[in-house]
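# Coordinates in review
If you want the building blocks of each chain, they are given just below.
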Amino acid sequence: MALSNDELKRYARQMGLPHWGRNGQERLRAASVFIAGAGGLGSAAALYLAAAGAGRITLCDPDTVELSNLNRQVLYSTSDVGREKVTAASERLASLNPAAAIVPLSERIDTSSAPDLIAGHDIAIDCLDTLEARFILNRACMALDVPVIYAAVSGFTGQLSFIHPPATPCLECFIPHKNPTEKPQVPGCTTGIMGSLQAAEAIKYLTGIGSTLASCLLIVESMEPRFDILEIERDPDCPACGNQAA
Amino acid sequence: MIIYLRSGGKLHDLLKPDVDQYTRRVETHEGATLVEILGELGIPLVMVAFAFVDGKVRKLDYVPTDGDVITIQSPVAGG
Ligand SMILES: [Zn+2]
């Protein structure tokens, strides 16, 4: 179906970008995005993907909104405290762009639920807040051949990569099984930067423009400030995708 | 030999930078791994996830060479 007059107006300030055009916008509208985690990263990623015209956005998070979330989780308002995150988020995203189909899933991602939750999506955005859940998402997406846009934050530090094995390393190739020693402090500006970059990676992949951070790890240190783009390689001994992986 | 360790993140205070705000000059012996060097500096290994040198991510078994500038990253998992 061709873009409507309303869509042509709504997206007029992006469709003129080189190589985006009607074709890119239609590809975005046909896309299905799985956002794992509706916290700080998920807020920024979901808002920019909905605004850009992603056709279907599944938001997966089992939590309710807490007052201490509001410094960084910009999908929510003070009046949302105590509500299911995905319900409040769906309302916010639907009011931003009524054409986007928002699928709220108030569920935790674990080994048994992940494959069914993720199947049928074109891409997954890793906005989770534990290493365990991230590794589960990594393995489930690898099995389903769904690319993942990984980001993680702590303080003014952010990490970002585009993961789609076997063309790229998987998450466990370069992130060790080492948890942070304490619950991180996270200002909203850090999740805003990294969640926005996740949206940018997804938009490039889904519209077919530009290049992604495949086989690269972006490290943002806003405190210095400094941005590094690093080479990452597949690890033959990786527990998830290496020679000995189950 | 001399190497330079740097961190702009959470490890910054533990590293005790002396060259500039983020960098510490470290004298070490050839063949030492990052694990050994960090141990000698009293930086707990649980607080270091990986390092990067010359634009490449390195695990902690990396053996630095003279003059390396090595940035260390703490585990990061927040969302
Ligand atoms: Zn791997």
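Before any of the text, the structure's been laid out above.
This structure is a prediction, so every number in the text was calculated from the model and none was measured. (Residues numbered from 1 in each chain as written. Chains lettered and ligands numbered in written order. Predicted model: local features only at pLDDT ≥ 70, side-chain atom pairs only at ≥ 80, totals over all residues. Heavy atoms only, no water.)

Moving on, we get to the overall build of chain A. The number of helices and strands found in chain A is nine helices and eight strands. If one aligns the C-alpha atoms of chain A with their principal axes, the spans along those axes are about 55 × 40 × 40 Å. For chain A, buried positions account for 52% of its 246 residues. Across chain A, every contact between residues at least 6 apart in sequence was considered, and the portion connecting residues at least 24 apart equals 66%. For chain A, the computed accessible surface area is about 10,800 Å², with 53% contributed by carbon and sulfur atoms. Across chain A, 19 positive and 27 negative side-chain charges occur, with their mean positions spaced 7 Å apart. (Helix = DSSP H or I, 4+ residues; strand = E, 2+ residues; numbered from the N terminus. Buried < 20%, exposed > 50% of the residue type's maximum accessible area, 1.4 Å probe, protein only. Contact = heavy atoms within 4.5 Å. Areas by Shrake-Rupley, 256 points an atom, 1.4 Å probe, with all protein chains shown as cover. Lys, Arg positive; Asp, Glu negative; His and termini not counted. Charge placed at Lys NZ, Arg CZ, Asp CG, Glu CD.)

This next bit is on the overall build of chain B. Check the secondary structure of chain B and you find two helices and five strands. Counting from the amino terminus, chain B carries its helices and strands in the arrangement β-α-β-α-β-β-β. Whereas a compact globule of 79 residues would reach a radius of gyration of roughly 12 Å, chain B reaches 12 Å, a difference of no more than 12%. Dimensions along the principal axes, computed over C-alpha positions, put chain B at roughly 40 × 25 × 25 Å. Burial analysis of chain B (79 residues in total) assigns 56% to the buried set. Here chain B has roughly 3,600 Å² of accessible surface; of this, 50% comes from carbon and sulfur atoms. (Rg over C-alpha atoms; globule rule 2.2 N^0.38 Å.)

What follows is about the pairing of strand 5 (residues 148–154) of chain A. Residues and elements named next belong to chain A. Among the seven residues that make up strand 5, seven are buried, leaving the element largely enclosed by the rest of the structure. Of the two faces of strand 5, the one carrying Val148, Tyr150, Ala152 and Ser154 and the one carrying Ile149, Ala151 and Val153 are both buried. Note that strand 4 (residues 123–126) and strand 5 share three bridges and pair parallel. If you follow Ala124 over to strand 5, its bridge partner there is Val148. (Pairing = 2+ DSSP bridges.)

Turning our eyes to something else, we now look at the packing of helix 3 (residues 21–29) of chain A against helix 9 (residues 188–207) of chain A. Residue and element names in this part refer to chain A. One can describe the packing of helix 3 onto helix 9 by two numbers: an axis separation of 8 Å at closest approach and a directional angle of 110°. The angle between helix 3 and helix 9 falls in the class roughly perpendicular. Of helix 9, the residues touching helix 3 (which contributes Gly24, Arg27 and Leu28) are Ile203, Tyr205, Leu206 and Thr207. When the residues that make up the contact of helix 3 with helix 9 are grouped by side-chain class, the tally is four nonpolar, two polar and one charged. (Axes fitted to C-alpha atoms, helices over the stretch in contact; angles between N-to-C directions. Parallel < 35°, antiparallel > 145°, perpendicular 65-115°, else oblique. Nonpolar A, V, L, I, M, F, W, Y, C, P; charged D, E, K, R; others polar.)

A few words now on helix 3 of chain A. Residue and element names in this part refer to chain A. Regarding helix 3, the residues found buried are Gly24, Gln25 and Leu28. Taken down its axis, helix 3 places every buried residue within 100° of arc, on the same side. Lining the buried residues of helix 3 we find helix 2 (12–15), helix 4 (40–52) and helix 9. (Arc of directions from axis to C-beta.)

It is worth spelling out the nonpolar core at this point. Judged by nonpolar contacts, the single largest core of 46 residues is most densely connected at Val33(A), Ile35(A), Leu49(A), Leu59(A), Leu93(A) and Ile125(A). It is helix 4 of chain A that contributes the most residues to this core, seven residues altogether. Of all hydrophobic cores here, the second largest spans 39 residues; its members include Ala114(A), Phe135(A), Ala240(A) and Phe50(B). (Core = buried A, V, L, I, M, F, W, Y, C linked by side-chain atoms within 4.5 Å.)

All names here are of chain A. Under the defined criterion, the tally for this structure stands at two aromatic pairs over all chains. With centroids separated by 6.2 Å and ring planes inclined at 80°, the aromatic side chains of Tyr150 and Phe174 adopt a geometry described as edge-to-face. Of this pair, Tyr150 sits in strand 5 while Phe174 sits in helix 8 (residues 171–174), and the two are 24 residues apart along the sequence. For the pair shown, Tyr150 and Phe174 are each scored as buried. (Phe/Tyr/Trp six-rings, centres within 6.5 Å; stacked < 30°, edge-to-face > 60°.)

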